[in-house]
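Listed below, chain by chain, are the residues.
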Amino acid sequence: MKKGVLTITDLSKSFDGLSVVKNFNLVISQGEFVTLLGPSGCGKTTLLRLIAGFDKPDSGTIMLDDKDIGCTPPEKRQVNTVFQSYALFPHMTVFDNIAFGLKITKTKKSELLSRVQNVLKQTQLESLAHRFPSQLSGGQQQRVAMARAVVNRPRVLLLDEPLSALDARLRQEMQIELKKLQRNLNITTILVTHEQDEALSLSDRIVVMNQGAIAQIGTPREIYEEPKNLYVARFIGEINQLPARVEEVNNSGNLTINVLGKNITIAKEIDCAKGDRVHLLLRPEDLRISGDIDEAMPRFSGSIIDRRYRGATLDTTIRLDTHDITLQACEFFDEDDPDFDYSIGEKVEVSWVPGWEVLLKDET
Amino acid sequence: MKPFRIIYLAIVFLYLYIPLAVMVANSFNVNKYGMRWDGFTLQWFSAMLQNHSLMEATRNSLLVAISSATVATVLGGLGATCIYLYRFRGRKVMQVTLLTIMMIPDIILAIGLLVLFVITGVSLGFWSLLLAHVTFCLPFVTVTVLARLQGFDPNLIDAAKDLGASESQTTRHIVIPLLKPALLASWLLSFTLSLDDVIVSSFVTGPSFDVLPLKLFSMVKVGVKPEVNALSTLFVGISVVLILICHYLTKENKR
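Cut-offs applied
Residues numbered from 1 in each chain as written. Chains lettered and ligands numbered in written order. Predicted model: local features only at pLDDT ≥ 70, side-chain atom pairs only at ≥ 80, totals over all residues. Heavy atoms only, no water. Helix = DSSP H or I, 4+ residues; strand = E, 2+ residues; numbered from the N terminus. Contact = heavy atoms within 4.5 Å. Areas by Shrake-Rupley, 256 points an atom, 1.4 Å probe, with all protein chains shown as cover. Lys, Arg positive; Asp, Glu negative; His and termini not counted. Charge placed at Lys NZ, Arg CZ, Asp CG, Glu CD. Expected span 1.5 Å × (residues − 1). Buried < 20%, exposed > 50% of the residue type's maximum accessible area, 1.4 Å probe, protein only. Core = buried A, V, L, I, M, F, W, Y, C linked by side-chain atoms within 4.5 Å. Polar contact = N/O pair within 3.5 Å; in protein donor to acceptor, adjacent residues only side chain to side chain. Patch = residues over 30% accessible without salt bridge, like charges linked within 9 Å, V, L, I, M, F, W, Y side chains within 5 Å. Salt bridge = Lys/Arg side-chain N within 4 Å of Asp/Glu carboxyl O. Pairing = 2+ DSSP bridges. Axes fitted to C-alpha atoms, helices over the stretch in contact; angles between N-to-C directions. Buried area = accessible area lost by both parts, 1.4 Å probe. Nonpolar A, V, L, I, M, F, W, Y, C, P; charged D, E, K, R; others polar. Parallel < 35°, antiparallel > 145°, perpendicular 65-115°, else oblique. Left-handed = near helix turned anticlockwise from the far one by under 90°. Domains from an automatic or database assignment.

1. Section: the overall build of chain B
What chain B contains, in helices and strands, is 11 helices and 0 strands. Shown N-terminal to C-terminal, the secondary structure of chain B runs as helices and strands in the order α-α-α-α-α-α-α-α-α-α-α. Taking the principal axes of the C-alpha coordinates as reference, chain B spans close to 70 × 60 × 30 Å. Across chain B, every contact between residues at least 6 apart in sequence was considered, and the portion connecting residues at least 24 apart equals 74%. Within the structure as shown, chain B displays about 14800 Å² of accessible surface, and the carbon and sulfur contribution to it stands at 72%. For chain B, the distance from the average position of its 19 positive side-chain charges to the average position of its 12 negative side-chain charges is 5 Å.

Here you go:
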């Protein structure tokens, strides 16, 4: 097993009696890209500031390579931050901004030059080295902020919503660049974001946070495909949620559940008893409409109330005839029927791909 | 449109600078009373240099202005940084009281200071003037520096620390360079405020320590002497040079 670079144990922090981070535990290994994901106010930025040293924890420890840094001031931690606002020094050139950390630590001139040059090259900033931050575009400033942090070779790189100030297209580009840089330098990285697609595409692991506590930790695939609770399921991606009841628990680990009046037997290992209320969760792309439905699956009739052509997919909104439930479906165009489409009001039957459903116990 | 624009501009400039121009012209005018141009001369400048009491008042004034501007800039700069960086009890009170000093009429401040100096036994002269001038310059410095600080990205100081800079390194490499234009502007503002203050100075200075505005005030009671014009012209020249230096320094900084 890889050794943890950063080990956070029972970390808590509150401001004015309001608990912001609660008993937080996390181990991050060398080279890992971990994302703290959650809505604003979930404590993710506070957690980052605790790791960087700008705030002091109320209790718990933060270990960096077997050394407790909980009370070490930020300037003595081998951790560097890329701020949301970039916080570039306006009175210094790009070169001086990047060299700042090395100058402070009195790095030898020749080494300083070669390291800064190297980072400038990696971030494609060579031609801008003598510009001032005010003369750069948003994307360029973002690169300078990255370069200024990584040039110090931190043990852990902290990114506080680094792409949120960029427009959508540039953000996509920078995501790719960011990941490439992180992979090349093999820097252990913690990203804070509320953008789920950023988290899914960049991370090795995602920590979904809810009110200062961990809602779920897992790989992007686990988080998306096997959410452990309704909070995570709703926060990541779109999801359809159907109420269901357990009819029978079989010995083989199968369950028979009743969904909107129809029984179906599925293989799911959740801890439940006969009569329990459960939620059946289906991603839009799990749904199948009319012709594509597997023979073993129950069918629900409804009508199309909206259709949206998205280029690669056709998204539809379906209202079921009974139970006043609307479902979001997302179908890919395929070679068999590249021109399929629906008209609004069209009667259809809906079901899903067997085995792709997620079952969660009702938490209320 | 173009001639109109030029005329308009000319009127604005005339309105602003005719009084100064008359004075500057008279300082080179042979005619002692300045009612008409009788030819060019530099005699008033040499007369000015030979007027010992006038020269002494000028020296005193410059000394007070330079010292009080320096003290006020240092104290005000520290005060503003303190108000900006730290959250302490009495922070709001400090901000409001500074503004109050800025707003109250000079005469009231002057009476207050005089009473204070008499009670505490501070002898009226250089030190009482210095204390008084620092008092009324301080709020202007604080407000100027604070405005500049509030214009910064609040993460700049955290960023410097994050990159390994200690408190003193952050101050030296980040805070002071960024505050330089504001500190310079504050110093010049304080210098000017101190140099042309009449009301407060007239209350808190003693007979042995004459300052320029008071000296001029007493000299012009019996008509404007040409050496006063000469001295004023000199000051206009110094002001222009200072403004040019200031402009150059802040431009360098922005680039």
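2. Structural notes on helix α4 (residues 138–150) of chain A
Over its 13 residues, α4(A) runs 19 Å from end to end, which matches the ideal 18 Å to within 8%, given 1.5 Å per residue. Across the 13 residues of α4(A), 10 count as buried, placing the element largely inside the fold. Among all positions of α4(A), only A:Gly139, A:Gln142, A:Arg143, A:Val144, A:Ala145, A:Met146, A:Ala147, A:Arg148, A:Ala149 and A:Val150 are buried. Next to the buried residues of α4(A) lie β6 (79–82), α2 (94–104), α3 (109–122), β7 (156–160) and α5 (168–185) of chain A together with α7 (155–162) of chain B.

3. Brief notes about the nonpolar core
Nonpolar side chains in soluble globular proteins tend to be buried together. With 71 residues, the main nonpolar core has A:Leu6, A:Phe24, A:Phe89, A:Phe100 and A:Ile190 as its most contacted residues. No other element matches the 11 residues that helix α6 (residues 126–150) of chain B contributes to this core. Other than its neighbours up to four places away in sequence, A:Ile190 contacts A:Leu6, A:Ile28, A:Val34, A:Leu36, A:Leu48, A:Ile51, A:Val156, A:Leu157, A:Leu158 and A:Leu159. In terms of nonpolar packing, the next biggest core, distinct from the first, is built from 34 residues, A:Val82, A:Leu102, A:Val119 and A:Leu157 among them.

4. Regarding the environment of B:His133
Residue and element names in this part refer to chain B. In this structure, His-133 sits in helix α6. Accessibility expressed as a relative area gives 3% for His-133, which makes it buried. Polar contacts involving the side chain of His-133 include one to the side chain of Ser-194, which spans 2.7 Å.

5. What about a nonpolar patch on the surface?
On the surface, B:Tyr8, B:Leu9, B:Val12, B:Phe13, B:Tyr15, B:Leu16, B:Tyr17 and B:Leu20 cluster together into a nonpolar patch covering about 880 Å² of accessible area. Along the chain, B:Val12 turns up in helix α1 (residues 2–27).

6. Concerning the sheet that holds β6(A)
Residues and elements named next belong to chain A. Within the open sheet, the 6 strands sit side by side as β6-β7-β8-β3-β9-β10. Their pairing is mixed. Single-partner strands in this sheet number two, and they are β6 and β10 (213–218). Direction aside, neighbouring strands of the sheet carry axes that sit 20° apart on average. Relative to strand β8 (residues 188–193), strand β3 (residues 33–37) runs parallel, the two being bridged by 5 bridges. Each residue of the ladder has a partner; that of Leu-36, found in β8, is Val-192.

7. As for the interface of chain B and chain A
Size of an interface, as often reported, equals the accessible area lost when the parts are brought together. Tallying the contact residues gives 18 residues for chain B and 23 residues for chain A. Between chain B and chain A, a total of about 1900 Å² is buried, with carbon and sulfur atoms accounting for 62% of that surface. At the surface where chain B touches chain A, the tally comes to 1 salt bridge. We note a salt bridge from B:Asp158 to A:Arg49, for which the minimum N-O separation is 3.4 Å. At the junction of chain B and chain A, the tally comes to 8 residue pairs in polar contact (both at pLDDT 80 or more). Of all elements in the fold, only α7 and α8 (167–195) of chain B reach the threshold of two or more residues within the side of chain B that touches chain A. Take the side of chain B that touches chain A: its biggest share by element is 7 residues, from α7(B). Of the residues contributing to the side of chain B that touches chain A, the split by class is 8 nonpolar, 5 polar and 5 charged.

8. Thoughts on the pairing of strand β12 (residues 254–259) of chain A
Residues and elements named next belong to chain A. Here β12 lies mainly inside the structure; 5 of its 6 residues are buried. With 5 bridges joining them, strand β11 (residues 240–249) and β12 adopt antiparallel strand pairing. Across the sheet, Val-249 pairs through a bridge with Leu-255, a residue of β12. Two successive antiparallel strands, β11 and β12, enclose a turn made up of 4 residues, where Gly-253 displays a positive phi of approximately 95°. Strand direction decides the pairing type here: β12 and strand β13 (residues 262–267), joined by 6 bridges, are antiparallel. If you follow Asn-258 over to β13, its bridge partner there is Asn-263. Linking β12 back to β13 in an antiparallel pair, the connection comprises 2 residues, with Leu-260 at a positive phi of about 45°.

9. Things to note about the packing of α7(B) against α8(B)
Residues and elements named next belong to chain B. Orientation of α7 relative to α8, taken along the N-to-C sense of each, is 140°, at an axis distance of 10 Å. Taken together, the axes of α7 and α8 lie oblique to each other. Here α7 runs over α8; the crossing is right-handed. Residues Leu-156, Ile-157, Ala-160 and Lys-161 of α7 form the contact with α8, whose participating residues are Glu-167, Thr-170, Ile-174, Val-175 and Leu-178. Within the contact of α7 with α8, the residues separate by chemical class into 6 nonpolar, 1 polar and 2 charged.

10. Topic: the domain arrangement of chain A
Residues and elements named next belong to chain A. With domains assigned, chain A is organised as domain 1 (4–234) and domain 2 (238–361). Residue-level contacts link 9 residues of domain 1 with 8 residues of domain 2. Of the roughly 750 Å² buried where domain 1 meets domain 2, counting both sides, 55% is carbon and sulfur surface. For the pair domain 1 and domain 2, the number of links is 0 salt bridges. Those elements that provide at least two residues to the side of domain 1 that touches domain 2 are α7 (220–225) and α8 (230–235).

11. Regarding the sheet that holds strand β15 (residues 287–289) of chain A
Hydrogen bonds between backbone atoms are what pair the strands of a sheet, whose relative direction is either parallel or antiparallel. All names here are of chain A. Across the sheet, which stays open at both edges, the 5 strands sit in the order β15-β19-β16-β17-β18 with antiparallel pairing between neighbours. Looking at which strands have only one partner, the edges of the open sheet turn out to be β15 and β18 (326–332). Taking each pair of neighbouring strands and ignoring which way they run, the sheet shows an average axis angle of 45°. Here 7 bridges tie strand β16 (residues 300–309) to strand β17 (residues 313–320), and the two strands are oriented antiparallel to one another. Counterpart to Arg-307 in the pairing with β17 is Thr-316.

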